[in-house]
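# Close look at the chain arrangement
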Amino acid sequence: MLDESVADQAKQLVSLLWRHELPPRPGARGPKPAVSVDAVVDAAVALADRDGYAKVSIRAVAAELGLRPMSLYTYVPSKDALTVLMVDAVADEDAPIPADLPVRERMAGIARQARAELIAHPWLLEVSPWRQVIGPGRMRRYERQLAALDGIGLPDVELDRVIAVLSEFATGNARVAVGARRDALVMTDKQWWEVHGPLLAQAMPVSLFPLSSRVGQAVGELYQAPADPDGAFAYGLDRLLDGILGDRETPEHTGSGRSEDRPLR
């Protein structure tokens, strides 16, 4: 049996998330609110983008809006609830993927959008995606993603699987890309290698690691960095799409036309 307070909190959060879709509540007596819930969420997202998720608090967001900390609780009940609202707001930023693109490009668009969102809002990587309460922003994004795949001959469950696999691949790569960009603000890759390269060359004899030395030299010359997140994303996405779509050269693969009624496999 769920605690009554948990049910009350869930009801309040769903009402906040779906505030623009649910019927308006009767107006309450008293002074008009100084800001809107939307303004609170926008301020929290801007703060997280600028200073990181750890800096987001009820007090800090209130300061961004010129409000007293306690007054912010009249808009959102907690930082956890605010975080759910932030995630949902960011999810609504993606544009629809054009339906006239080849299937392969539409699938690639799902992964590219997921990666771009995380790079634009790196604090999202600190928020657990598991059991996030669904709001209209996330639902609209999911609807757009499904619309990009609808009619290509996959069963409904597999449509969801494709979105999940593409999104999870993009998330893993985005985590590396975000880390690389963050570290580059402290020290460039070139500077890092100038310090560590000679030391590592002495500590790791080629005779013990012949394959690693050979491949490491090749990729080091190409990447000029410890790794290449952008290149790895492009390569991995191509291979992932090859696996999802199979090896048949259909019009959807080549971009020469569309054949929505033909199953992919």
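Note: the structure precedes this text.
On a predicted model such as this, the values are computed, not experimentally measured, just so you know.

## Here's the deal with the side chain of Asp-94
Here Asp-94 lies in the loop between helix H5 (79–91) and helix H6 (103–120). No salt bridge is formed by the buried Asp-94; its nearest oppositely charged neighbour, Arg-141, is found at 4.7 Å.

## Points about H5
Its 13 residues place the ends of H5 18 Å apart at the C-alpha level, agreeing with the 18 Å of an ideal helix rising 1.5 Å per residue. In terms of residue burial, H5 counts as a mostly covered element, since 10 of its 13 residues are buried. Within H5, burial applies to Ala-81, Leu-82, Thr-83, Val-84, Leu-85, Met-86, Val-87, Asp-88, Val-90 and Ala-91.

## Details of a nonpolar patch on the surface
Taken together, the side chains of Leu-185, Val-186, Met-187, Trp-192, Trp-193, Leu-200, Met-204, Leu-208 and Phe-209 present a nonpolar region at the surface, about 920 Å² in accessible area. Here Met-187 lies in the loop between helix H8 (156–184) and helix H9 (189–203). Relative accessible area serves as the criterion here: at 33%, Met-187 is assigned to the partly exposed category.

## Looking at the packing of aromatic side chains
Scanning the entire structure with this criterion turns up two aromatic pairs. Ring geometry for Phe-169 versus Phe-233: centroids 5.5 Å apart, planes at 10°, classification stacked. Separated by 64 residues along the polypeptide, Phe-169 in helix H8 and Phe-233 in helix H11 (residues 229–245) bring together distant segments of the chain. With a centroid separation of 5.1 Å and an interplanar angle of 90°, the aromatic rings of Trp-192 and Trp-193 are classed as edge-to-face. Look at Trp-192 and you get partly exposed, because its relative accessible area is 31%. Residue classification places Trp-193 among the partly exposed positions, given a relative accessible area of 33%. For Arg-115, the ring lying beneath its charged end belongs to Phe-233, and the centroid distance is 4.8 Å. Positioned over the ring face of Tyr-235 is Arg-239, at 5.0 Å from the centre of the ring.

## Concerning the pattern of salt bridges
All chains considered together, the criterion is met by 12 salt bridges. For the salt bridge of Asp-38 with Arg-19, the shortest nitrogen-to-oxygen distance reads 2.5 Å. Highlighted residues: Asp-38 in helix H2 (residues 37–51) and Arg-19 in the loop between helix H1 (4–17) and H2, separated in sequence by 19 residues. For Arg-239, the salt bridge identified is with Asp-242, shortest N-O distance 3.1 Å. Note that Arg-239 and Asp-242 are positioned in helix H11 at a spacing of three residues, about one turn of the helix. Look at the salt bridges and you will find they share partners, linking Glu-21, Asp-92, Arg-140 and Arg-144 into a network.

## Concerning H11
Between the first and last C-alpha of H11 there are 24 Å, a value that for 17 residues agrees with the 24 Å anticipated at 1.5 Å per step. Here H11 has its buried residues at Pro-229, Phe-233, Gly-236, Leu-237, Leu-241, Ile-244 and Leu-245. Down the axis of H11, the sector holding all buried residues measures 150°, keeping them to one side. Away from the buried face of H11 by more than 90 degrees, exposed residues Tyr-235 and Gly-243 are located. Gly-246 lies just past H11 and shows a positive phi near 85°.

## Some thoughts on the packing of H6 against helix H7 (residues 136–149)
Here H6 crosses H7 at 155°, and the two axes come no closer than 8 Å. In terms of axis orientation, H6 runs roughly antiparallel to H7. As H6 packs across H7, the resulting crossing turns out to be right-handed. Of H7, the residues touching H6 (which contributes Arg-106, Met-107, Ile-110 and Glu-117) are Arg-141, Gln-145, Ala-148 and Leu-149. Residues of the contact of H6 with H7, tallied by class, amount to four nonpolar, one polar and three charged.

## A closer look at unusual backbone geometry
Despite not being glycine, Arg-131 has its phi angle at roughly 60°, a positive value. Relative to the helices and strands, Arg-131 resides in the loop between H6 and H7. The class of Arg-131 is exposed, set by a relative accessible area of 76%. Within the chain, Gln-224 stands out as a residue other than glycine whose phi angle is a positive 55°. Along the polypeptide, Gln-224 turns up in the loop between helix H10 (210–223) and H11.

Conventions we followed
Residues take numbers from 1 onward in each chain, read along the sequence in its written order. Since the coordinates come from a predicted model, pLDDT governs what is reported: local features require at least 70, and pairs of side-chain atoms require 80 or more to be given and counted, while whole-chain, interface and lining totals use all residues. Side-chain numbers here rest on the full set of heavy atoms in the structure, without hydrogens or water. Labels follow the DSSP assignment, with helices taken as runs of H or I lasting at least four residues and strands as runs of E lasting at least two, numbered in each case from the N terminus. Burial classes: relative accessible area under 20% of the type maximum marks a residue as buried, over 50% as exposed, and values in between as partly exposed (1.4 Å probe, protein chains only). In this tally, Lys and Arg are treated as positive and Asp and Glu as negative; His is ignored, and so are the chain termini. One side-chain nitrogen of Lys or Arg within 4 Å of one carboxyl oxygen of Asp or Glu is enough to make a salt bridge. For a helix, the expected span equals 1.5 Å multiplied by the number of residues minus one. Nonpolar side chains (Val, Leu, Ile, Met, Phe, Trp, Tyr) within 5 Å and like charges within 9 Å form the patches, drawn only from residues with over 30% relative accessible area and no salt bridge. Computed with a 1.4 Å probe, the accessible areas rest on the Shrake-Rupley method; for each residue, only the protein chains presented here act as cover. For Phe, Tyr and Trp, rings pair up if their centres lie within 6.5 Å, where Trp contributes its six-membered ring, and each pair is then called stacked (planes under 30 degrees apart), edge-to-face (over 60) or tilted (otherwise). Sitting over a ring, as applied to charges here, requires NZ of Lys or CZ of Arg to be within 6 Å of the ring centre and within 35 degrees of the ring normal. Note: the arc covers the axis-to-C-beta directions of the helix. Under this scheme, a helix contributes an axis fitted over its contacting stretch, all axes are lines through C-alpha atoms, and angles between N-to-C directions fall in the 0 to 180 degree range. Our angle categories are set so that under 35 degrees counts as roughly parallel, over 145 as roughly antiparallel, 65 to 115 as roughly perpendicular, and the remainder as oblique. Left-handed describes a crossing in which the near helix is turned anticlockwise from the far one by less than a right angle; the clockwise case is right-handed. Two residues form a contact once any of their heavy atoms are found within 4.5 Å. Side-chain classes follow a simple rule in which Ala, Val, Leu, Ile, Met, Phe, Trp, Tyr, Cys and Pro form the nonpolar group, Asp, Glu, Lys and Arg form the charged group, and the remainder, Gly included, forms the polar group.

Any link to function would need more than the numbers given here.
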